[in-house]
Amino acid sequence: MKAKKSVYIAYTGGTIGMRRGAHGYEPAPGFLEEQMARLSVLNSEDMPHYRIHEYDPLLDSSNMSPADWVKLGRDIMSRYQSYDGFIVLHGTDTMAFSASALSFMFRNLGKPIVFTGSQIPLCEVRTDARENLITSLLIAAHHPIPEVSLFIGHQLLRGNRATKISAKRFLAFSSPNYPPLGEAGVDLMIDRSRQLPPPSQPVAFDEVGQAQVADLRIFPGITPETLKGFLGPLQGAVLHTYGAGNAPDRPELLDVLRQASERGVVLVNCTQCLEGSVNMADYATGNALREVGVVSGYDMTPEAALTKLYHLLSRGLDPEIVRDQMQQNLRGELTRPTLQS
Ligand code: ASP
């Protein structure tokens, strides 16, 4: 008889394990395990062994910070050899940030790390948590997908390609620029051709540290003063631009961006559009950004771009190296257009 697979569950918080309190849903220590103990299907022959580690404190993911990504990454790294796969139970609000951050912190990942959560807590009658939890356990145990992924509402997505698109649908996430890694229907279909290649080196973990980074959504009427005040204390920023990577090309605004680039602030261009890629050569307004030192984020999600900036800048790399790396595909997070001759 084949030995049962075993899965480690890092329970960080989120709706999945919450219960109704006086001010709305809130995390409650011990409550999720109590609810899981009532799910007889988890003891079925077909399910893997699992162990849950409940974090203290349990967080609504709105309260997650880079220090929490590090705590989670260290936890998984310290148990890496003992389990076949890993599940992170996490709130959906910032799940795409945490999944992206972990994808950059782990190098040569050879085992699956599957993020999941739910829109309705496990304790409620119409919960989506049950399916998400059971299918994630099966994926983490039986599919050695060598990357950080996210399973919610029947889709398995690459973590650093996923973004939350709905506060009400069970299918809360989308991966607009990369196809799903898998789909759970009558069969659990995992498409191996979409996975990252298995690593040839042992796994390694690079913690993110301190870095002054931020997101700025460009909007009609943005002033040089606003832009200057915003960029002042930063080492890096993701500029959420219009369409294919355009922003107003008024000289006063471009001057502020140029000065920031010259003092070493890494400026990355990501589109406000859900789908598609930045191409700064398309319009004069995009080209002007390139000329003042803004680099392309191509089709990265803003979550991937921001966490990648944290990852690179907190390692103390030179801004020019960070600019170059931001445009390279490190963990499957971006697609560079192929040059046409
Ligand atoms: N506010 C919750 C959280 O992100 C939402 C959820 O889990 O879906 O922790």
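Since this is a predicted model, take the numbers as computed values, not measurements. Along every chain, residues carry numbers that run from 1 in the direction the sequence is written. Totals for whole chains, interfaces and linings use all residues, but because this is a predicted model, local features are given only for residues with pLDDT of at least 70 and pairs of side-chain atoms are given and counted only at 80 or more. Note: side-chain values were computed over all heavy atoms of the structure, leaving out hydrogens and water.

Each residue's exposure class comes from its accessible area (1.4 Å probe, protein chains only) as a fraction of the maximum for that residue type: buried when under 20%, exposed when over 50%, partly exposed otherwise. Strands here are runs of E lasting at least two residues and helices are runs of H or I lasting at least four, both read from the DSSP assignment and numbered beginning at the N terminus. Turning to helix 5 (residues 224-231), its buried residues are P224, L227 and L231. The buried residues of helix 5 occupy an angular sector of 65 degrees when the element is viewed end-on, so they sit on one face. Facing away from the buried side of helix 5 by over 90 degrees, the exposed positions are E225 and G229. Any two residues whose heavy atoms approach within 4.5 Å at even a single point are treated as in contact. Where helix 5 is buried, its residues meet strand 15 (213-217), strand 16 (236-241), helix 6 (251-262) and strand 17 (266-271). Directions are taken from the helix axis to each C-beta atom, and the arc is the one they span.

For the rest of this paragraph, the subject is the environment of Y8. Residue placement: Y8 occurs in strand 1 (residues 6-13). Remark: the alpha-carbon pair of Y8 and A140, spanning 132 residues in sequence, is separated by 9.0 Å. Those residues in contact with Y8 that lie beyond four places of it in its chain are R51, H53, D75, R79, Y83, G85, F86 and I87. In protein, a polar contact requires one atom able to donate a hydrogen and another able to accept it; more generally it is a pair of N or O atoms within 3.5 Å, and residues adjacent in sequence count only if both atoms are side-chain atoms. Among the polar contacts made by the side chain of Y8, one reaches the side chain of D75 at a distance of 2.9 Å.

Any two cysteine sulfur atoms within 2.5 Å of one another count as a disulfide. Tallied over the full model, the rule gives zero disulfides. Unpaired in terms of disulfides, C270 finds its nearest cysteine sulfur in C273, a separation of 12 Å.

Whether a residue is near a molecule or strand depends on its heavy atoms: if one lies within 4 Å, it is near. Near the ligand, the surroundings consist of G14, T15, D60, S61, G91, T92, D93 and S118. Taking S61, its side chain carries an N or O atom lying 2.6 Å from an oxygen atom of the ligand. One nitrogen or oxygen atom from the side chain of T92 is found 2.4 Å from an oxygen atom belonging to the ligand. All accessible areas in this document rest on Shrake-Rupley with a 1.4 Å probe, and a residue is counted as covered only by the protein chains that are shown. In the complex, 91% of the free accessible area of the ligand, which totals 270 Å², lies under the protein chains. A per-class count over the shell around the ligand returns no nonpolar, six polar and two charged. Following the grouping adopted for this structure description, the nonpolar residues are Ala, Val, Leu, Ile, Met, Phe, Trp, Tyr, Cys and Pro, the charged ones are Asp, Glu, Lys and Arg, and the polar ones are all others, Gly among them.

Moving on to helix 9 (residues 319-326). Listing the buried residues of helix 9 in full gives V322, R323 and M326. Relative to the axis of helix 9, the buried residues are bounded by an arc of 100 degrees and lie together on one face. Against the buried residues of helix 9 lie helix 6, strand 17, strand 18 (295-296) and helix 8 (302-313). For helix 9, the capping residue at the N-terminal end is D318, with a side-chain oxygen 3.0 Å from the backbone nitrogen of E320.

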